[in-house]
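Listed here are the chains, written in short residue letters.
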There are 2 protein chains.
Amino acid sequence: MIKFFEKDPYAPIQYVYDVEKVLYKGKSKFQEIMVFENPYFGKILVLDGVVQLTERDEFIYHEMLTHVVMHAHPEAKTVAVIGGGDGGAVREVLKHDCVEKLYFIEIDEEVINTSKKFFPSVSCSIDDPRVEIRCMDGAEFIKEMNETLDVIIVDSTDIIGFAKSLFTVEFFKSVRDALTKNGMFVTLSESLIFHKELVYEVQNSMKLIFPIVDLYTASIATYAGNWWSFSVGSKSLDPREIRKPVKVSTKLYTEELHKSCFLPRDIYKKLLNKQLDW
Amino acid sequence: MIKFFEKDPYAPIQYVYDVEKVLYKGKSKFQEIMVFENPYFGKILVLDGVVQLTERDEFIYHEMLTHVVMHAHPEAKTVAVIGGGDGGAVREVLKHDCVEKLYFIEIDEEVINTSKKFFPSVSCSIDDPRVEIRCMDGAEFIKEMNETLDVIIVDSTDIIGFAKSLFTVEFFKSVRDALTKNGMFVTLSESLIFHKELVYEVQNSMKLIFPIVDLYTASIATYAGNWWSFSVGSKSLDPREIRKPVKVSTKLYTEELHKSCFLPRDIYKKLLNKQLDW
């Protein structure tokens, strides 16, 4: 069988996937896009050589990225998803009936089109009437909003290349200013085992801006490092608390997982003090 | 650079490591043994084509395998480690001053010798006077013990081939009979995401034998599936509880991690009811 060798500049292990069939290969204005079929994972979306999602396990990342802040916020009416052109985060956010408006900001329209064509189970909610798609830079979009968003979710590619602008102190400032007074922000922040310096940097930058900052993790087998971290910035509410009943249908996320996914406070303290010894 | 392609029959992703230098390649009575140097992970031990440990991240597996039960038990004096010929689990167990006797049962003497030669930071405690090494089948050893062990730890290779005998109902019965009345048993039980049927089977078999059975997990980037599970069988004590102060020096394990590493009860219930939808 043909093999796909992942090209992740951040990973000390290279992942190789069996390729049953290459379904699409193209180049957008921003990146190379590929879709192939794997016997175990189903269809796999690859951007610039790095696996972004597989049909089989995408639920882990998308549920964990969205449902923690969506349940910590008592009633998120206005939400922005920055990146995540596949639509997986949009699908999860729209499971919350309280959402009235979802700004879906993806810089690369081709990712949306590719997902609509090849990943209907992921992109299924993109055409929901509550969704407003804007194909533009997420940092630019956020700058223009002012105290209008309850939740902002960054679902970008790795913290390199053009996604870098979504991890600066300047961006975090715009995010804070775009949020309502109980607003919450969450972003992926790479692997706690392979990229702990990067996790530290993101946390440290967020701490300059948000009164409450926290970190939770999930095991994701198809992302390098696997012990994947999510960083939360909040203007007033503790994200470890659940503020509305868990009614969404999920495969992984549960009320108890919400509580246990946060990094234990003694380890979190070590991270912030740069005392993690690995 | 030369590449090492892992050959894990259980993994839907193949892992590839850079090989700076092959330090050892041999064949014991039981398996092929290889040691190589990798620029990121340091030395890596491979058995029958599958990565068993890397110098850089072995602490995660060894700390999580041992310290949960060692802290849930109020005072483990007599301990058996079955497998784990590298000595990593032995090193962690011996950090507990209460341990007076440690039976170290490794079927393959060559693994011990290889670890002593190439992994001094892992094998460093094998020659401790409290350790009694027996190179024999772990199941055979356990059969002969009778209410003498406070803690039994299985640190085997994957649940295939000759390690299979360590995952049968018959073995779990011998384990129960070998344990003192407050005794506790822990074994690896594969990946919750890739091998959930296997995890279910191990749990189900243990439930036939032990009054208390539980499951906790850790993210291990170098083991396929990464969301690695550990199954605990206990004769009387709840393993989620810590019964002595945490004084051991560790990189990852902490008091709070002990509490949060157990699978949330709502997800655990789904596992046992075969309702995990992945």
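Residues numbered from 1 in each chain as written. Chains lettered and ligands numbered in written order. Predicted model: local features only at pLDDT ≥ 70, side-chain atom pairs only at ≥ 80, totals over all residues. Heavy atoms only, no water.

*Asks:* I tried to follow the domain arrangement of chain A on my own but got confused; where do I start?
*Replies:* By a widespread convention, an interface's size corresponds to the accessible area lost as its parts come together. All names here are of chain A. By the assigned domains, chain A splits into domain 1 (2–54) and domain 2 (58–272). One C-alpha centre belongs to domain 1, the other to domain 2, and the line joining them spans 23 Å. Contacts between the two partners involve 25 residues from domain 1, matched on the other side by 26 residues from domain 2. Summing both partners gives a buried area of about 2200 Å² for domain 1 against domain 2, and 69% of it is carried by carbon and sulfur. (Domains from an automatic or database assignment. Contact = heavy atoms within 4.5 Å. Buried area = accessible area lost by both parts, 1.4 Å probe.)

*Asks:* Would you mind going over the side chain of Ser 219 of chain B with me for this structure?
*Replies:* Residue position: Ser 219 of chain B is located in strand β12 (residues 212–219). A distance of 2.3 Å separates the side chain of Ser 219 of chain B from the side chain of Ser 219 of chain A, its partner in a polar contact. Apart from the residues lying within four places of it in its own chain, the contact partners of Ser 219 of chain B are Ser 219, Asn 226 and Trp 227 of chain A together with Ile 60 and Asn 226 of chain B. (Helix = DSSP H or I, 4+ residues; strand = E, 2+ residues; numbered from the N terminus. Polar contact = N/O pair within 3.5 Å; in protein donor to acceptor, adjacent residues only side chain to side chain.)

*Asks:* Got a minute to help me understand the environment of Leu 23 of chain A in this structure?
*Replies:* All names here are of chain A. Summarising the element assignment, Leu 23 is placed in strand β3 (residues 21–27). Put simply, Leu 23 and Met 34 are 11 residues apart on the chain and 7.6 Å apart in space, counted from C-alpha to C-alpha. Excluding anything up to four places from it in sequence, Leu 23 contacts Val 35, Phe 36, Glu 37, Lys 43 and Phe 118.

*Asks:* How should the relation of the copies chain A and chain B be read in this particular structure?
*Replies:* One copy of the chain maps onto the second through a rotation about an axis and a displacement along it. Laying chain A over chain B is done by rotating through 180° and shifting 0.0 Å along the axis; what remains is an RMSD of 0.0 Å. What the superposition gives is, in effect, a two-fold axis relating one chain to the other. Same-surface contact between copies: 100% of interface residues of chain A are shared with the interface of chain B. (Least-squares fit on C-alpha atoms with pLDDT ≥ 70 in both.)

*Asks:* Hey, could you run me through the packing of helix α7 (residues 196–207) of chain B against helix α9 (residues 265–272) of chain B in this one?
*Replies:* Each pair of packed helices gets described by two things: the angle between the helix axes and the distance between those axes. All names here are of chain B. At a minimum axis separation of 9 Å, α7 and α9 run at an interaxial angle of 90°. Put simply, α7 runs roughly perpendicular to α9. Facing α7, whose interface residues are Lys 196, Val 199, Tyr 200, Gln 203 and Lys 207, α9 presents Tyr 268, Leu 271 and Leu 272. (Axes fitted to C-alpha atoms, helices over the stretch in contact; angles between N-to-C directions. Parallel < 35°, antiparallel > 145°, perpendicular 65-115°, else oblique.)

*Asks:* I keep staring at the sheet that holds strand β10 (residues 149–155) of chain A and nothing clicks. Help me out?
*Replies:* Backbone hydrogen bonds hold the strands of a sheet together, and the pairing may be parallel or antiparallel. Residue and element names in this part refer to chain A. If you walk across this open sheet you meet the 7 strands as β9-β8-β7-β10-β11-β13-β12, and the pairing is mixed. Since the sheet does not close on itself, it has two edges, and those belong to β9 (131–134) and β12 (212–219), each with one partner. With strand direction ignored, the average angle separating the axes of adjacent strands in the sheet is 15°. Where strand β7 (residues 78–83) and β10 come together, 5 bridges link them in parallel fashion. Across the sheet, Ile 82 pairs through a bridge with Val 154, a residue of β10. (Pairing = 2+ DSSP bridges.)

*Asks:* What is the right way to look at the state of the cysteines in this model?
*Replies:* As used here, a disulfide is simply a covalent bond connecting the sulfur atoms of two cysteines. Throughout the structure, instances matching the rule amount to 0 disulfides over all chains. Considering cysteine sulfurs only, Cys 261 of chain B is the nearest to Cys 261 of chain A, which forms no disulfide, with 14 Å between them. Cysteine Cys 124 of chain B shares no disulfide, and the gap to the nearest cysteine sulfur, in Cys 98 of chain B, comes to 18 Å. (Disulfide = S-S within 2.5 Å.)

*Asks:* Whenever I open this one, the UniProt feature "binding site: S-methyl-5'-thioadenosine" (unreviewed entry) in chain A confuses me. Can you help?
*Replies:* Residues and elements named next belong to chain A. Those places that UniProt annotates as "binding site: S-methyl-5'-thioadenosine" (unreviewed entry) correspond, in this numbering, to Gln 31, Glu 106, Asp 137 and Gly 138. The residue Gln 31 is located in the loop between β3 and β4 (32–38) in this model. Residue Gln 31 is classed as buried on the basis of its relative accessible area, which comes to 4%. As for its placement among the helices and strands, Asp 137 is situated in the loop between β9 and α5 (138–144). In this structure the side chain of Asp 137 is engaged in a polar contact, spanning 3.0 Å, whose partner is the backbone nitrogen of Ala 139. (UniProt positions renumbered as here; feature names shortened; annotations may be inferred. Buried < 20%, exposed > 50% of the residue type's maximum accessible area, 1.4 Å probe, protein only.)

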